[in-house]
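# Structure at a glance
Given next are the chains, with one letter for each unit.
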Amino acid sequence: MTANHLDNITINITLAPAPLQIAGFGIPLLIVDGATSSLGGDRVRTYAGTDGAQADNTAGELSAAALAGVTAAFSQRTSPALVKVGLRDATDAYDVALAEIIAFDPDFYGVAIESRAAADQLLVSTAVEASNRLFVLQSSDADWKTPTLPAAYTALAGVERTAVVYHDTDAAWGDLAWLANRLVFDPDIKSAPWDAAVQGVASYATAPTAGEKINLDNNFANNGLIYGAENFFIDAGVNAAGRALHEIETADWFDARLREAVVGVKTAASARGDKIVIGPTGQGQLLAEISALFQRGVNAGHFISGQTSQKAETITQADFDLGRLRFSGAGQLASSARLFTFNFNFGRAPLT
C-alpha cells in the first residue's frame, strides 16, 4: 500500500449502551394445569387474540376451561394486546410453576391461575408477595359473604399483592377478565382505578343480598354487580388488605422506572468514561431523574400536582467509603372516588 499520512488521524467511537428492556405492566398471565393443557410442551404461550387459543384448543393443547379464560380476557371493550398462558407441570405446585415461568419469560405483571382451590391460591399469593406483580384469585367460598374471612383464607389478612374476586360459579373468569380489563391502561400514560365494568363474565347464579354485599366489601372480596347499564361492575377495586390496587400499581411503576433511569444514567456515564461523582454534581444528575419521574407520575394521574418532593441526603464519610449516593422523597397519591354522598334541602320558601 502506498505510504500516506492517514495515521495522523485517530478516531474512537463510543457506542451508547444497548436500549434498556423496560418493565411491562400490560400483560396478564394465566397459569393452567398440565393435567388438562399441554401447550405443546411450551412453558409459555403468548396469544394476540382468541384465534391462536382456539387453534390450540382444537389441537388438544389448551383445555376448554383455559380457552374460556383467554376468551374472557379478550372480551374487554379495550382488548389487551397480549395474554400469556403459562404451564404448570402436573407434578409441580403452583408456586413452583410460577417461579419456572418467571425464569423462562418474566414479561408479565398480573397473575391468575386455573385452580380455584384455596391451598393452590395461597401458594401463589405467598410467591407473588416477593415480586413486583399482582395476583388476582377467584373464590366461590360462601363464607366471604359472612362477617368474617373464610377459614381457608385467613392467611390473606393484610396481604398487599393479592386481590380476591368473589364469584359463585367457579367456571366464570372474573379474575383473568378483570386483570385484562385494567392492565390495558399503560401506567406511563394513565393511572387507572380498579373499580370497573368487566365484560365476558356471567352474573352471579344467586345475587348477594344487601347484607351479604356489605360482608363481601368488609372482607375485601371484590364483587361484580349491576351498576347502571353495566351487568358486572367490580367494586371496590382493592387488595386483600383493603388498599386501592391502583396504589400498588403506582408503587411498582415508580420502582421499575426509577431503577431503569438509574441504570441508564450509570451505564451511559460509564460508556463515556465518566463517573457519577459523589458530590453535588452526581446528586444533581439523579435528582433530575427523580424530579422528571415524579412529573411523569403527575401527568399520568399517579400523584397530585405540586405535592411531590425529593432531596439528596447529606453525604457522609460512610457514603464516600461505600461509593454511595442517597436520596429521599415523598408524593401524595391521586386517590380515586368511588363513594358519593349528596345532601339537598327542598322547601316552599324562597332561598333568597
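The residue numbers shown here count from 1 along each chain, following its written sequence. In keeping with the predicted nature of the model, local features appear solely for residues at pLDDT of at least 70, side-chain atom pairs appear and are counted solely at 80 or more, and the whole-chain, interface and lining totals rest on all residues. Each side-chain value is derived from all of the structure's non-hydrogen atoms; neither hydrogens nor water enter the calculation.

Before going further, it helps to examine the environment of H302. Strands here mean DSSP runs of E at least two residues long; helices mean DSSP runs of H or I at least four residues long; both are numbered from the N terminus. Tracing the backbone through its elements, the reader meets H302 in the loop between helix 8 (280-300) and strand 10 (303-312). Remark: exposure states derive from per-residue accessible area (1.4 Å probe, protein chains only) relative to the maximum for the residue type, with buried under 20%, exposed over 50%, and partly exposed in between. For H302, a relative accessible area of 2% gives the class buried. For the pair H302 and K190, spaced 112 residues apart in the sequence, the C-alpha separation amounts to 7.7 Å. In this structure the side chain of H302 is engaged in a polar contact, spanning 2.6 Å, whose partner is the side chain of T250. What qualifies as a polar contact is a pair of N or O atoms within 3.5 Å, subject to a donor-acceptor requirement within protein and to the restriction that residues adjacent in sequence count only when both atoms come from side chains.

Next up on the list: the packing of aromatic side chains. How two aromatic rings sit relative to each other is given by the distance of their centres and the angle of their planes. Aromatic contacts are taken between Phe, Tyr and Trp rings whose centres are within 6.5 Å, Trp giving its six-membered ring; a plane angle under 30 degrees counts as stacked, one over 60 as edge-to-face, and the others as tilted. By the definition in use, this model includes 11 aromatic pairs. Relative to Y109, the ring of F25 has its centre 4.9 Å away and its plane inclined at 65°; by these criteria the two rings are edge-to-face. With a gap of 84 residues between them, F25 in the segment before strand 1 (28-33) and Y109 in the loop between helix 3 (94-104) and strand 4 (110-113) connect regions that are remote in the sequence. Residue Y109 is classed as buried on the basis of its relative accessible area of 1%. With centroids separated by 6.4 Å and ring planes inclined at 65°, the aromatic side chains of W253 and F254 adopt a geometry described as edge-to-face. Note on accessibility: W253 and F254 belong to one class, buried. We call a charge positioned above a ring when the Lys NZ or Arg CZ atom is no farther than 6 Å from the ring centre and deviates by at most 35 degrees from the ring normal. Its guanidinium or amino end placed over the ring of W173, R116 lies 4.7 Å from that ring's centre, counting from NZ or CZ. Against the face of F108 rests R133, its NZ or CZ located 4.5 Å from the ring centre.

The next subject is the packing of helix 3 against helix 4 (residues 118-129). In contact at an axis separation of 8 Å, helix 3 and helix 4 are set at 40° when each is read in the N-to-C sense. Considering their axes alone, helix 3 and helix 4 lie oblique with respect to each other. Where helix 3 abuts helix 4, its residues Y94, D95 and L98 lie against D120, L123, V124, A127 and V128. Taken together, the residues of the contact of helix 3 with helix 4 break down into 6 nonpolar, no polar and 2 charged. Axis definition: a line fitted to C-alpha atoms, over the contacting stretch in the case of helices. Angles run 0 to 180 degrees between N-to-C directions. Here the word oblique covers every angle except those under 35 degrees (roughly parallel), over 145 (roughly antiparallel) and from 65 to 115 (roughly perpendicular). Working rule for contacts: check all heavy atoms of both residues, and any pair within 4.5 Å makes them a contact. Side-chain classes follow a simple rule in which Ala, Val, Leu, Ile, Met, Phe, Trp, Tyr, Cys and Pro form the nonpolar group, Asp, Glu, Lys and Arg form the charged group, and the remainder, Gly included, forms the polar group.

Turning next to the pairing of strand 8 (residues 221-227). Strand pairing is defined by DSSP finding a minimum of two bridges between the two strands. The pairing of strand 6 (residues 162-166) with strand 8 spans 3 bridges and is classified as parallel. Considered in strand 8, the bridge of Y166 is made with N223. Looking at chain direction, strand 8 and strand 9 (residues 230-235) are connected through 4 bridges and run antiparallel. Looking at strand 9, one finds that G224 is bridged to I234. Hairpin connection between strand 8 and strand 9: a loop of 2 residues separates the two successive antiparallel strands, and G228 in this loop has a positive phi of roughly 65°.

Here the residue pair D235 and A236 is connected by a cis peptide bond, since its omega of 15° sits within 30 degrees of zero. Structurally, A236 is set in the loop between strand 9 and helix 7 (245-272). Of note in this structure, L39 is not a glycine but carries a positive phi near 50°. For F220, which is not a glycine, the phi torsion comes out positive at approximately 60°. Of note, F220 is situated in the loop between helix 6 (210-218) and strand 8. Judged by relative accessible area, which is 31%, F220 ranks as partly exposed.

This paragraph deals with the sheet that holds strand 2 (residues 44-47). Taken together, the 9 strands give an open sheet; going across it, the order is 2-3-1-4-5-6-8-9-7, and neighbouring strands pair in mixed fashion. The outermost strands of the open sheet, each flanked by one partner alone, are strand 2 and strand 7 (196-197). Across 2 bridges, the pairing between strand 4 and strand 5 (residues 134-139) is parallel. Within strand 5, the residue paired with V111 across the bridge is F135. Along the sheet, helix 3 makes contact with strand 1, strand 2, strand 3 (83-88) and strand 4, crossing strand 1 at roughly 130°.

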